[in-house]
Amino acid sequence: MNIRFVSSLTPDDEDRLATVLAQVVASLLDQSSIAYALHIRTKGGKEVVESSAQSC
C-alpha cells in the first residue's frame, strides 16, 4: 500500500516535522502485527525512514 500526503507547509517546517511524524506513526504501527516501511521525503530533500522489526 502506498499512501501519499501533500502538505501546505514550508520546506523548513516539513523538515522539522518529518522526524516527529515518522516516529509517531511508527509507534502506532508498532502496536499491531503489521510489517511496515515508512518513508517521508520533504520538499527540502530530507528523507526519514522508519520500519518494523519484521522484514517487509
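As a reminder, the structure under discussion sits directly above these lines.
Right, let's walk through the structure included here. (Residues numbered from 1 in each chain as written. Predicted model: local features only at pLDDT ≥ 70, side-chain atom pairs only at ≥ 80, totals over all residues. Heavy atoms only, no water.)

### Points about the overall build of the chain
Counting its secondary structure elements, the chain contains one helix and two strands. Listed N to C, the secondary structure of the chain is α-β-β in terms of helices and strands. Dimensions of the chain along its principal axes, counting C-alpha atoms only, are 35 × 20 × 15 Å. Across the 56 residues of the chain, 18% fall into the buried class. Considering only contacts in the chain between residues 6 or more positions apart, those separated by 24 or more positions represent 35%. Of the roughly 4,600 Å² that the chain leaves accessible, carbon and sulfur atoms contribute 55%. The averaged location of the 7 negative side-chain charges in the chain is 5 Å from the averaged location of its 5 positive side-chain charges. (Helix = DSSP H or I, 4+ residues; strand = E, 2+ residues; numbered from the N terminus. Buried < 20%, exposed > 50% of the residue type's maximum accessible area, 1.4 Å probe, protein only. Contact = heavy atoms within 4.5 Å. Areas by Shrake-Rupley, 256 points an atom, 1.4 Å probe, with all protein chains shown as cover. Lys, Arg positive; Asp, Glu negative; His and termini not counted. Charge placed at Lys NZ, Arg CZ, Asp CG, Glu CD.)

### Re the pattern of salt bridges
Under the definition given, this model contains three salt bridges. When the shortest N-O distance is used, the salt bridge between Arg16 and Asp13 registers 2.3 Å. Pair noted here: Arg16 and Asp13 are both in helix H1 (residues 11–29), with a separation of three residues, about one helical turn. Owing to a relative accessible area of 57%, Arg16 belongs among the exposed residues under this scheme. Look at Asp13 and you get partly exposed, because its relative accessible area is 29%. Between Glu47 and Arg41 there is a salt bridge, and its shortest N-O distance comes to 3.4 Å. (Salt bridge = Lys/Arg side-chain N within 4 Å of Asp/Glu carboxyl O.)

Structural measurements only, silent on function.
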